[in-house]
Structure formats: C-alpha cells, structure tokens
Amino acid sequence: MCESLMNSDPDEARNPEVLYHLALAHFNLKHYDSAAECLHRVLEGDILPEARAVSLGYLGKVSRRKGEEEAARRYFQQALEVPGVKPEIVAEIRKFAQE
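Residues numbered from 1 in each chain as written. Predicted model: local features only at pLDDT ≥ 70, side-chain atom pairs only at ≥ 80, totals over all residues. Heavy atoms only, no water.

**Regarding the overall build of the protein**
A tally of helices and strands in the protein yields seven helices and zero strands. Residue pairs in contact within the protein that sit at least 24 positions apart in sequence constitute 47% of those at least 6 positions apart. A total accessible area of about 5,800 Å² is found for the protein, and carbon and sulfur atoms account for 51% of it. (Helix = DSSP H or I, 4+ residues; strand = E, 2+ residues; numbered from the N terminus. Contact = heavy atoms within 4.5 Å. Areas by Shrake-Rupley, 256 points an atom, 1.4 Å probe, with all protein chains shown as cover.)

**Some points on the packing of helix α5 (residues 49–65) against helix α6 (residues 69–80)**
Between α5 and α6, whose axes approach to 7 Å, the crossing angle comes to 170°. Put simply, α5 runs roughly antiparallel to α6. Handedness of the α5/α6 crossing: left-handed. Taken together, the residues of α6 that come into contact with α5 (itself represented by A53, L56, G57, L59, G60, K61, S63 and R64) are E69, A71, A72, Y75, F76, Q78 and A79. (Axes fitted to C-alpha atoms, helices over the stretch in contact; angles between N-to-C directions. Parallel < 35°, antiparallel > 145°, perpendicular 65-115°, else oblique. Left-handed = near helix turned anticlockwise from the far one by under 90°.)

**Here's the deal with the packing of α6 against helix α7 (residues 87–98)**
It is the contact of α6 with α7, at a shortest axis distance of 10 Å, that shows an interaxial angle of 170°. In this view, α6 runs roughly antiparallel relative to α7, as classed from their interaxial angle. In contact with F76, A79 and L80 of α6, α7 contributes V90, I93, R94, F96 and A97. Residue composition of the contact of α6 with α7, by class: seven nonpolar, no polar and one charged. (Nonpolar A, V, L, I, M, F, W, Y, C, P; charged D, E, K, R; others polar.)

**With respect to the packing of aromatic side chains**
Any two aromatic rings considered together are summarised by their centre-to-centre distance and by the angle between their planes. If you walk through the whole model with that rule in mind, you get four aromatic pairs. A centroid spacing of 6.4 Å and a plane angle of 80° characterise the contact between Y20 and Y58, whose relative ring orientation is edge-to-face. With a gap of 38 residues between them, Y20 in helix α3 (residues 16–28) and Y58 in helix α5 connect regions that are remote in the sequence. Look at Y58 and you get buried, because its relative accessible area is 14%. Summarising the aromatic geometry, the rings of F27 and Y58 are spaced 5.4 Å apart at their centres and angled 80° between planes, so their arrangement reads as edge-to-face. Remark: Y58 occurs in helix α5 and F27 occurs in helix α3; sequence separation between them is 31 residues. (Phe/Tyr/Trp six-rings, centres within 6.5 Å; stacked < 30°, edge-to-face > 60°. Buried < 20%, exposed > 50% of the residue type's maximum accessible area, 1.4 Å probe, protein only.)

**Quick look at unusual backbone geometry**
The backbone of K30 shows a phi angle near 65°, a positive value even though the residue is not glycine. Tracing the backbone shows K30 in the loop between α3 and α4 (32–44).

**Comments concerning α7**
For α7, spanning 12 residues, the distance from its first C-alpha to its last is 17 Å, which sits close to the expected 16 Å at 1.5 Å a residue. All buried positions along α7 are accounted for by I89, V90, I93 and F96. Along α7, the residues classed as buried sweep out an arc of 110° about the axis, all on the same side. Across from the buried face of α7, at angles greater than 90 degrees, the exposed residues are P87, E88, K95 and Q98. In this fold, the buried residues of α7 make contact with α5 and α6. (Expected span 1.5 Å × (residues − 1). Arc of directions from axis to C-beta.)

What follows is the structure, encoded as structure tokens:
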C-alpha cells in the first residue's frame, strides 16, 4: 500500500504524518508487512522524538504479532532510548512492550 501511494502521489508518500496514519490502518487490519513498510518510511523523515519513539514502538508490536520476538525487543529498546521523549510517551511504549 505504501508503494501504491508512492506511485500515485510522491509528495504525500514522503509525508510522515500520512505514512504514520496509513501504518496504523494497516496494523489494525493485521496487514503487518505493509504497516512495517510505512513505519520504516516514517522513520526516514524529519520527525519529532515522540513520533520516532512511537513508530519504533509500533514496529515492536508488528514484530511481536509476526512472532519475531527478538526484533520486537530491539524495536522497543530503541523506542525507549530516543532522547527527549515525554514521560507519558515512554509509559505508552512500555505498555506496548508488555502487550
């Protein structure tokens, strides 16, 4: 799905906010590979620390849903190590890691 967005509207395909919401839609539909693709594209953009941490947290959730526990742990750890993240976001990511 991210690829079709790239082909139809390259400007929107680079917009981290659009990609993030598309990733969440894919995640909720259990389209985990598409969600991961969009989240990786989000992380390529110039985004706030909170957006980086939450995107990494969702990559952890995606990995866990795909049975990739080691990758999930790495993503959760990376999310928790993003500097400058508000405490409530850190708490949300910790909750992700325990789901």
